[in-house]
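# Chain and residue survey
Residues per chain, in single letters:
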Amino acid sequence: DKLNHIRSIASQFPASQEKIAEQLLAFQITHDEVENQYFIQPNGSVLGNEAKLYIGLKPDKSWLRMKIKYYGDNWLFVQSYKIAADSFRWQSSSLSFERDHSGGNVWEWIDKSPTEEDIRNMQALATAENPIIRFQGKQYYSDFKLTGEQKNSITSTLRLYELLQF
């Protein structure tokens, strides 16, 4: 399936077909046959805290999505998050995080179309030596340090997204 997805996606961009196909190897690709759209996400575990970008693709357009997720064994009732990326600091406004739980674990997340500011923030996290997201709840907070793999996936997703422009 993955190879067929790669062929189908890359064939839409003849000028950069080989480069796109090569980069797609590092991503998970799902296809929604009803909507005729692909979702292209970085490889890696979905359990645990995460900060990632991923791509939606239809035959005539592509779009970027951003997901920020807290995962733990205690509810935070996250209302906002703060970024500390080396000397860079940024605080989100109040946000409506989704929530779910199972097997003694909880997760709270936002999944949205990123603004230009969100993209700059994700780039700051991806290039920082010490990239931290603080999930801020009603009473408590939890800090999450991005892994090297997560930092690389942000950069790779942005690079692929540039190639997938119509």
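Look up: the structure comes first, before these words.
Values in this document were obtained by computation on a predicted structure and should not be read as measured data.

Calculation criteria
The written sequence of each chain sets the order in which its residues are numbered from 1. Only residues with pLDDT of 70 or above have their local features reported here, since the model is predicted, and side-chain atom pairs are shown and tallied only from 80 upward, although totals for entire chains, interfaces and linings are computed over all residues. The basis for every side-chain value is the complete set of heavy atoms in the structure, and neither hydrogens nor water enter the calculation. By definition, two strands form a pair when at least two bridges between them are found by DSSP. Secondary structure is summarised from DSSP: a helix means a run of H or I of at least four residues, a strand means a run of E of at least two, and numbering begins at the N terminus for each. Only the stretch in contact is used when a helix axis is fitted, and all axes are lines through C-alpha atoms; the angle between N-to-C directions ranges over 0 to 180 degrees. What makes a salt bridge here is a side-chain nitrogen of Lys or Arg within 4 Å of a carboxyl oxygen of Asp or Glu, nothing more. Residue exposure (1.4 Å probe, protein chains only): buried if accessible area is under 20% of the type maximum, exposed if over 50%, otherwise partly exposed. The contact rule is simple, with two residues in contact once any of their heavy atoms fall within 4.5 Å.

## Quick look at the sheet that holds strand β5 (residues 80-85)
With respect to topology, four strands assemble into an open sheet ordered β6-β5-β9-β10, the strand pairing being antiparallel. In this open sheet, the two strands that pair with only one neighbour each are β6 (88-91) and β10 (141-145). On average, each strand axis in the sheet is inclined to that of its neighbour by 15°, with strand direction left out of account.

## With respect to the pairing of strand β9 (residues 131-136)
Sheet topology note: the β5/β9 ladder contains six bridges and is antiparallel. Across the sheet, residue Ile-83 finds its bridge partner in β9, namely Ile-133. Relative to β10, β9 runs antiparallel, the two being bridged by five bridges. Bridging from a neighbouring strand, Phe-135 pairs with Ser-142 of β10. What sits between β9 and β10 in their antiparallel hairpin is a turn of four residues.

## Here we look at the pattern of salt bridges
Taken as a whole and assessed by the stated rule, the structure comprises six salt bridges. Residues Lys-67 and Glu-50 are paired through a salt bridge, measuring 3.7 Å at the closest nitrogen-oxygen approach. Of the two residues, Lys-67 is situated in strand β4 (residues 61-72) and Glu-50 in strand β3 (residues 50-58); the sequence distance between them amounts to 17 residues. The class for Lys-67 is buried, based on a relative accessible area of 19%. The buried category is assigned to Glu-50, whose relative accessible area is 7%. When the shortest N-O distance is used, the salt bridge between Glu-50 and Lys-69 registers 3.6 Å. Here Glu-50, found in strand β3, pairs with Lys-69, found in strand β4; they are 19 residues apart in sequence, far enough to count as distant. The structure contains a network of salt bridges with shared partners spanning Glu-50, Lys-67 and Lys-69.

## Some thoughts on the sheet that holds strand β1 (residues 27-32)
Strand order in the open sheet made by the six strands is β1-β2-β3-β4-β8-β7, with antiparallel pairing throughout. This sheet does not close on itself; its edge strands, each paired only once, are β1 and β7 (98-102). Across the sheet, the mean angle from the axis of one strand to that of its neighbour is 25°, orientation sign disregarded. Here β3 runs beside β4; their pairing, made up of nine bridges, is antiparallel. When the sheet's bridge partners are listed, Tyr-54 is paired in β4 with Arg-65.

## So, the environment of Ala-124
Relative to the helices and strands, Ala-124 is located in helix α3 (residues 116-127). Each C-alpha atom of the pair Ala-124 and Arg-89 lies 9.7 Å from the other, and the pair is 35 residues apart in sequence. Setting aside chain neighbours within four positions, we find Ala-124 in contact with Ala-85 and Phe-88.

Everything listed here is a matter of geometry and, on its own, says nothing about what the molecule does.
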